[in-house]
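What follows is each chain in one-letter form.
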Amino acid sequence: MTDTVLIIDFGSQVTQLIARRVREAGVYSEIVPINRVDNALDRLKPKALILSGGPQSVTNVETPLPPDWVWTSGLPVLGICYGEQVMVSQLGGVVEVGHHSEYGRAELEIVEDCRLFDGVWTKGTRDQVWMSHGDLVTKLPEGFKAVGVSKGAPFAVIADEARNFYGVQFHPEVVHTPRGGDLISNFVHKIAGLPGDWTMAHFHSSEVEKIRAQVGRGRVISGLSGGVDSAVASVLIHEAIGEQLTCIFVDHGLLRQNEAQEVVELFRGYYDIPLVHVDACERFLKALAGVSDPEEKRKTIGGLFIDVFDEEAHKLGGAEFLAQGTLYPDVIESVSFTGGPSVTIKSHHNVGGLPERMNLKLVEPLRELFKDEVRALGRELGLPGSFINRHPFPGPGLAIRLPGEVSEEKLDILRKADAIYLDEIRKAGLYDEIWQAFALLLPVRTVGVMGDQRTYEYVCVLRAVTSTDGMTADYYDFSHEFLGGTATRIINEVHGINRVVCDITSKPPGTIEWE
């Protein structure tokens with residue numbers, strides 16, 4: 001069984017980053033919310049525990065606390081922020097409210113050496129960390145000592161090295177703590193003694209065996225969207241079970257230039273995977289006629305996608321399993337400690353609803369992976385770099401990059417402009433620096449002059465952002481020369497556009513996509 005670090009989630013906004021840092025150290029990790037942790041010890045048999053931060057206060061009667069086995073199992077434990085405070089509180093120390101709070105960057109001073117700091121910090125050094133706490137540890141439990149202090153936290157780092165219990169008041173998982181990843185690596189390697197041998201090659205081979213064990217001689221259908229996740233999942237499943245898999249590619253006519261052709265060639269030609277290509281372009285355009293509200297567009301596309309997929313699956317007949325490209329962030333969010341009603345920013349388009357409607361069992365080989373790990377698996381499987389390194393693309397496709405009503409004319413104009421924009425980005429060597437770049441076509445026309453003639457054409461918007469996970473994003477700062485050259489080329493080569501503008505809004509307050 002794979003060595004696992006169990007991360008107990010108390011509702012921090014950045015718990016996912018803890019899992020990522022552990023995996024970057026070559027050790028497998030799983031997140032379990034505190035309200036579902038009861039059987040985690042038996043189920044996962046972890047070799048170490050990390051307690052996340054959270055918005056609660058240990059001084060409240062109703063605050064969530066870890067079960068007693070966390071402290072009696074003999075496993076190494078690292079408590080982060082709230083995790084440090086519950087460690088102190090449950091083991092006999094004191095945490096109080098009403099003291100000086102620390103939010104944002106702070107200076108940490110190392111006052112004692114310990115194994116957590118090995119090769120990172122030494123006694124007497126100072127370094128930047130990122131704090132976010134209101135409560136304060138004021139008395140340590142027996143056996144602990146302070147090894148790091150800050151202006152607002154006299155027990156910013158604590159250690160009971162006899163029991164391998166460590167606590168940090170700051171957040172080592174965020175980029176604002178520059179050496180934080182090294183601390184987490186020290187915890188899993190030098191304190192927990194884990195070898196760091198969890199690699200994508202290891203995941204690849206073990207997942208193939210899992211798929212074979214789950215599916216047996218059954219048949220699987222997979223919905224290809226043209227995106228990286230569904231493609232990697234399908235290639236992995238095909239390696240495991242061969243022609244027991246059939247892919248269904250619903251072409252809704254909302255893809256980028258030549259994208260449908262590339263998907264068909266990749267799966268039928270390169271991988272020789274059984275593929276049903278459904279040209280449903282006319283059905284989708286007809287369904288979208290007169291629809292301009294963004295949510296209604298998404299629901300229309302999602303509902304019709306399910307209808308078309310269901311029709312084709314019934315034609316094939318005999319399938320027992322449905323493959324989905326579910327990723328680990330989706331799994332975490334579905335069982336999160338802080339789960340519950342929240343404001344809907346925008347609906348997400350996927351194959352949700354299909355398993356219940358079609359009475360199929362799910363095969364989700366990527367449900368333990370983050371997005372960057374999916375790309376690494378794609379490379380491991382031999383998928384072309386040009387495919388797996390593509391920028392994210394929304395399920396509803398170009399329909400949500402056309403504010404207002406969707407039409408075939410607008411789609412054709414947008415495809416051409418988008419292709420030119422991405423071509424210029426690639427030629428400038430900027431593609432891999434950018435998280436996502438795309439063109440939009442606004443539902444307004446403006447007056448222009450071309451060849452001494454008056455024009456009245458559409459406005460094209462260029463959007464590009466940098467990000468690490470898509471949760472926040474900054475606009476990409478193109479040079480004026482690049483923007484000017486790209487705008488000139490779009491206006492000269494795309495009939496229907498006479499004005500190009502650039503979106504320089506960050507997320508938040510905006511979103512990356514417009515709809």
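Undergrad: Even after reading the chapter, I still don't get the environment of Leu 381, so can you show me in this structure?
TA: Its location among the elements puts Leu 381 in helix H13 (residues 371-381). Given the relative accessible area of 11%, Leu 381 is considered buried. A C-alpha to C-alpha distance of 51 Å links Leu 381 and Gly 92, two positions 289 residues apart in sequence. If sequence neighbours within four positions are ignored, Leu 381 has contacts with His 204, Val 232, Val 235, Leu 236, Glu 239 and Tyr 271.

Undergrad: Where do I start with the state of the cysteines in this structure?
TA: Where two cysteines share a covalent bond between their sulfur atoms, that bond is called a disulfide. Under the defined criterion, the tally for this structure stands at zero disulfides. We note that Cys 114 lacks a disulfide partner, and the nearest cysteine sulfur, in Cys 81, lies 18 Å from it. For Cys 114, a relative accessible area of 10% gives the class buried. Left without a disulfide partner, Cys 502 is nearest to the cysteine sulfur of Cys 460, which lies 10 Å away.

Undergrad: Hey, could you run me through the nonpolar core in this one?
TA: In globular proteins that are soluble, nonpolar side chains generally tend to be buried together. In this structure, Tyr 421, Ile 425, Phe 478, Ile 490 and Ile 497 are the most contacted members of the largest nonpolar core, which totals 46 residues. Listing elements by their share of this core, those giving two or more residues are strand E13 (245-251), helix H9 (281-288), helix H10 (294-316), helix H15 (408-427), strand E17 (436-450), strand E18 (453-466), helix H16 (480-493) and strand E20 (497-503). A per-element tally of this core places H15 first, with eight residues. Among all residues touching Ile 425, those that are not within four sequence positions of it are Leu 430, Tyr 431, Ile 434, Ala 437, Phe 478 and Phe 482. Leu 108, Phe 117, Ile 191 and Val 331 belong to the second largest nonpolar core, which has 43 residues in total.

Undergrad: Looking at this structure, how should I read the pattern of salt bridges?
TA: Pairing between side chains of opposite charge can happen when the charged atoms of each approach one another. Considering all chains together, one arrives at 30 salt bridges under this definition. A salt bridge links Asp 372 to Arg 20, with the shortest nitrogen-to-oxygen separation between them at 3.2 Å. One end of the pair, Asp 372, is in helix H13; the other, Arg 20, is in helix H1 (residues 15-24), and 352 residues separate them in sequence. We classify Arg 20 as buried; its relative accessible area is 17%. For Lys 190, the salt bridge is made with Asp 118, and the minimal N-O distance between the two is 3.1 Å. In this pair, Lys 190 sits in helix H5 (residues 180-191) while Asp 118 sits in the loop between strand E6 (102-110) and strand E7 (126-133), placing the two residues 72 residues apart along the sequence. Judged by its relative accessible area of 43%, Lys 190 is partly exposed. The network of salt bridges with shared partners includes Asp 423, Glu 424, Lys 427, Arg 489 and Glu 493.

Undergrad: What is the right way to read H10 from this model?
TA: Each turn of an α-helix holds 3.6 residues, which means side chains three or four residues apart point in the same direction. Between its terminal C-alpha atoms H10 stretches 33 Å, which fits the 33 Å expected from 23 residues at 1.5 Å a residue. Within the span of H10, buried status applies to Lys 297, Arg 298, Ile 301, Gly 302, Leu 304, Phe 305, Ile 306, Val 308, Phe 309, Asp 310, Glu 312 and Ala 313. One side-chain oxygen of the residue at the start of H10 lies 3.2 Å from the amide nitrogen of Glu 295, identifying that residue as Asp 293. Positioned one or two residues after H10, Gly 317 has a phi angle of 70 degrees, which is positive.

Undergrad: Looking at this structure, how should I read the sheet that holds strand E16 (residues 361-363)?
TA: The strands making up a sheet associate through backbone hydrogen bonding, with each pair oriented either parallel or antiparallel. The five strands lie next to each other as E14-E13-E12-E15-E16, forming an open sheet whose pairing is parallel. Both outer strands of the open sheet, strand E14 (275-279) and E16, are each paired with one neighbouring strand and no more. Across the sheet, the axes of successive neighbouring strands diverge by a mean angle of 25 degrees, strand direction being ignored. With three bridges joining them, strand E15 (residues 321-323) and E16 adopt parallel strand pairing. Looking at E16, one finds that Ala 323 is bridged to Val 363. Helix H6 (residues 200-215) rests against strand E12 (220-224), E15 and E16 of the sheet, and its axis sits at about 165 degrees to E16. Most of the contacts of helix H8 (residues 259-270) go to E14, to which it runs at about 165 degrees, and overall it touches E12, E13 and E14.

Undergrad: Please clarify how unusual backbone geometry should be interpreted in this entry.
TA: Trans is the prevailing form of peptide bonds, just as negative phi is the prevailing case for residues other than glycine. Put simply, Lys 507 and Pro 508 share a cis peptide bond, and its omega is -15 degrees. When you line up the elements, Pro 508 lands in the segment after E20. In the segment running from Pro 508 into Pro 509, the intervening peptide bond is cis, with an omega of 15 degrees. You can see Pro 509 is positioned in the segment after E20. In this structure, Cys 81 is a non-glycine residue whose phi angle is positive, near 55 degrees. Following the sequence through the fold, Cys 81 ends up in the loop between strand E4 (77-80) and helix H4 (82-90).

Rules used in this analysis
- Residues numbered from 1 in each chain as written.
- Predicted model: local features only at pLDDT ≥ 70, side-chain atom pairs only at ≥ 80, totals over all residues.
- Heavy atoms only, no water.
- Helix = DSSP H or I, 4+ residues; strand = E, 2+ residues; numbered from the N terminus.
- Buried < 20%, exposed > 50% of the residue type's maximum accessible area, 1.4 Å probe, protein only.
- Contact = heavy atoms within 4.5 Å.
- Disulfide = S-S within 2.5 Å.
- Core = buried A, V, L, I, M, F, W, Y, C linked by side-chain atoms within 4.5 Å.
- Salt bridge = Lys/Arg side-chain N within 4 Å of Asp/Glu carboxyl O.
- Expected span 1.5 Å × (residues − 1).
- Polar contact = N/O pair within 3.5 Å; in protein donor to acceptor, adjacent residues only side chain to side chain.
- Pairing = 2+ DSSP bridges.
- Axes fitted to C-alpha atoms, helices over the stretch in contact; angles between N-to-C directions.

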